[in-house]
Amino acid sequence: MKHLMIAFACLAVSALGGCSSIKPIDPDVLASADYGIYPDNYETIIKSYFQTRLKDPFSAQYQFGIPFKAFLRNAPVLGGDPTVYGDMVNTNVNAKNSYGAYTGYEEYRLLISDGVVVGTARKNPWFSGDWYN
C-alpha cells in the first residue's frame, strides 16, 4: 500500500510538471492594450490603499519604485492570458504591528489602473514566468 501511494505521488508530480510553463504573449496584444493614465500621484494612491490594510497606517514608512507598464495574468492552468493592464509600482512598506514595533520592510508590487490599485503581484516560485510583465 505504501508503494502504491508513493507511485501515485510521483505520477501526480510529473503530471503537474508539464503544466509549469506560461505561454508567451503576443507582442501585438501588449502594444494595443489600454494601460490607463500614468499615475503621477502614485505615492498617494498607494498610501490610500494601505490605509485600511495596516494597523497603524499613519506611522508606515514607504520606499517607492518608479511605475512601469505591466499587466496581471491568469494562472497558467487557465492559459496565462493578461487580464488587467496598468502601471506596476514596486513598493517596500515598513509598518507597525499590534505591539507598536516596526516589522521591517516588506516588498509589494501594486498595479495601478486609472488612479486605483487594481491588483498585487508576486513572483510565483511554482511556475517559470512572472505573474506580471
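Residues numbered from 1 in each chain as written. Predicted model: local features only at pLDDT ≥ 70, side-chain atom pairs only at ≥ 80, totals over all residues. Heavy atoms only, no water.

Would you mind going over the packing of aromatic side chains in detail, with residue names and values included?
Within the structure shown, the criterion is met by 7 aromatic pairs. With a centroid separation of 5.5 Å and an interplanar angle of 5 degrees, the aromatic rings of Tyr62 and Phe64 are classed as stacked. The exposure class assigned to Phe64 is partly exposed, which follows from its relative accessible area of 24%. With a centroid separation of 6.1 Å and an interplanar angle of 55 degrees, the aromatic rings of Phe71 and Tyr85 are classed as tilted. You can see Phe71 sitting in strand 2 (residues 68-73) and its partner Tyr85 sitting in strand 3 (residues 82-94), a full 14 residues away along the chain. (Phe/Tyr/Trp six-rings, centres within 6.5 Å; stacked < 30°, edge-to-face > 60°. Buried < 20%, exposed > 50% of the residue type's maximum accessible area, 1.4 Å probe, protein only. Helix = DSSP H or I, 4+ residues; strand = E, 2+ residues; numbered from the N terminus.)

Run through the nonpolar core, naming residues and quoting values.
Membership of the largest hydrophobic core comes to 14 residues, with the highest contact counts inside it found for Phe50, Leu54, Val93 and Ile112. Residue assignment for this core shows that the elements contributing at least two residues are helix 3 (42-51), strand 3 and strand 4 (106-113). Broken down by element, this core gets its largest block of residues, 5 residues, from helix 3. Sequence-distant contacts of Phe50, defined by excluding residues within four places in its chain, comprise Pro57, Tyr62, Val93, Tyr108 and Leu110. (Core = buried A, V, L, I, M, F, W, Y, C linked by side-chain atoms within 4.5 Å. Contact = heavy atoms within 4.5 Å.)

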